[in-house]
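Understanding the architecture of this molecule
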Amino acid sequence: MIPANLSTARDVVDFWRNAGPDRWFAKNDAFDAEFGQRFLAAHEAAAVGQLDHWANDAEGALALMVLLDQFPRNTWRGSARMFATDAKALAIARQAIEAGLDLKVDEALRRFFYLPFMHSESLAEQERSVELNAALDANTQRFAVLHRDIIARFGRFPHRNKLLGRTSSTEEQRYLDEGGFAG
């Protein structure tokens, strides 16, 4: 049952839009705490499918991308729980893009439909990320290529190994020790 006082898709999108690029990708404990406090119930509802109907329009689908892909990365930084809803985010992103919903939001926010592909450890999804992000700014595309190249090289993100209880190969450990992408 969906809680009566649950945040709306508009609440999520407005919060995220107002946060802006300076807070979207920066580690900021105060922002992460506020995000977590305000939207934990909505994240949990989205994670178990109670908000799947939001995926029927652009604003709702964007809100789901924020709740399923970004929320865990901010709220549970440094833990395996960061990745727990990645598969659901990717499934909804695929559906939204197929329906053209990504093209109905501001370009600055469009990237959030594409991030689930960039966060995937599948090379095919990484190739799709590069393709999708090509229409956005050069910096976003640079990160899409960087993520794809890591997956092409290792088949996974070495910086996730410790969090996920995976043993790093010698090559992965050398990459990390030499300052390779750390997430």
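Basis of the calculations
- Residues numbered from 1 in each chain as written.
- Predicted model: local features only at pLDDT ≥ 70, side-chain atom pairs only at ≥ 80, totals over all residues.
- Heavy atoms only, no water.
- Helix = DSSP H or I, 4+ residues; strand = E, 2+ residues; numbered from the N terminus.
- Rg over C-alpha atoms; globule rule 2.2 N^0.38 Å.
- Buried < 20%, exposed > 50% of the residue type's maximum accessible area, 1.4 Å probe, protein only.
- Phe/Tyr/Trp six-rings, centres within 6.5 Å; stacked < 30°, edge-to-face > 60°.
- Contact = heavy atoms within 4.5 Å.
- 1 Å grid on protein atoms, 1.4 Å probe; cavity = no way out; pocket = protein on both sides within 12 Å on 5 of 7 lines; lining within 4 Å.
- Points joined across faces, edges and corners; volume = space filled by probe spheres on them.
- Nonpolar A, V, L, I, M, F, W, Y, C, P; charged D, E, K, R; others polar.
- Expected span 1.5 Å × (residues − 1).
- Polar contact = N/O pair within 3.5 Å; in protein donor to acceptor, adjacent residues only side chain to side chain.
- Core = buried A, V, L, I, M, F, W, Y, C linked by side-chain atoms within 4.5 Å.
- Salt bridge = Lys/Arg side-chain N within 4 Å of Asp/Glu carboxyl O.
- Axes fitted to C-alpha atoms, helices over the stretch in contact; angles between N-to-C directions.
- Parallel < 35°, antiparallel > 145°, perpendicular 65-115°, else oblique.
- Left-handed = near helix turned anticlockwise from the far one by under 90°.

**Details of the overall build of the chain**
A count of helices and strands for the chain gives nine helices and zero strands. Going from the N terminus to the C terminus, the chain shows its helices and strands as α-α-α-α-α-α-α-α-α. Rg of the C-alpha trace for the chain: 16 Å, near the compact-globule value of 16 Å for 183 residues, within the 12% margin. Projected onto the principal axes, the alpha-carbon positions of the chain cover approximately 50 × 30 × 30 Å. Residues counted as buried form 49% of the 183 residues belonging to the chain.

**Let's talk about the packing of aromatic side chains**
Per the stated rule, a full pass over the model turns up 15 aromatic pairs. Both rings, one in Trp16 and one in Phe112, keep their centres 5.6 Å apart while their planes meet at 80°; by these two values the pair is edge-to-face. Here Phe112 lies in helix α6 (residues 107-118) and Trp16 lies in helix α1 (residues 9-19), a separation of 96 residues in the sequence. Here Trp16 and Phe112 have matching classes, each one buried.

**Structural notes on the environment of Phe39**
Among the secondary structure elements, Phe39 is positioned in helix α3 (residues 29-47). Relative accessible area serves as the criterion here: at 0%, Phe39 is assigned to the buried category. In sequence terms Phe39 and Asn139 are 100 residues apart; their C-alpha atoms lie 28 Å from each other. Residues in contact with Phe39, not counting those within four places in the same chain, are Ser7, Asp11, Val12, Phe15, Leu67 and Phe71.

**Quick word on the layout of surface pockets**
Empty space within the largest pocket amounts to approximately 770 Å³. Around the largest pocket sit 26 residues that line it, and Phe25, His119, His147, Phe181 and Gly183 are the ones nearest its centre. Taken together, the elements giving at least two residues each to the lining of the largest pocket come down to α2 (21-24), α4 (58-75), α6 and α8 (138-154). Ranked by residue count, the leading element in the lining of the largest pocket is α8, at four residues. Among the residues forming the lining of the largest pocket, the class breakdown is 13 nonpolar, nine polar and four charged.

**Section: α8**
Its 17 residues give α8 an end-to-end C-alpha distance of 24 Å, which sits within 8% of 24 Å, the value for a rise of 1.5 Å per residue. Considered for burial, the residues of α8 that qualify are Thr140, Gln141, Ala144, His147, Arg148, Ile150, Ile151 and Phe154. The inward-facing, buried residues of α8 contact α6, α7 (123-133) and α9 (170-177). A side-chain oxygen of the first residue of α8 lies 3.2 Å from the backbone nitrogen of Asn139; this N-cap is Asp137.

**What about the nonpolar core?**
Counting 49 residues, the largest nonpolar core has Trp16 and Phe113 as the members making the most contacts within it. Here the element with the most residues in this core is α4; it accounts for ten residues. Ranked by size, the runner-up nonpolar core spans six residues in total, among them Ile150, Phe154, Phe157 and Phe181.

**Quick look at the pattern of salt bridges**
If you walk through the whole model with that rule in mind, you get 16 salt bridges. Connected through salt bridges with shared partners, the residues Asp69, Arg73 and Asp86 form a single ionic network.

**Overview of the side chain of Arg156**
Secondary-structure assignment places Arg156 in the loop between α8 and α9. A distance of 2.7 Å separates a polar atom in the side chain of Arg156 from a polar atom in the side chain of Glu172.

**Some words on the packing of helix α5 (residues 86-98) against α6**
Where α5 contacts α6, the two axes come as close as 9 Å, and the packing angle between them is 130°. Overall, the two elements α5 and α6 adopt an arrangement that is oblique. The handedness of the crossing between α5 and α6 comes out as left-handed. For the pair α5 and α6, the contacting residues are Ala89, Leu90, Ala93, Arg94, Ala96 and Ile97 in the first and Phe113, Tyr114, Pro116 and Phe117 in the second.

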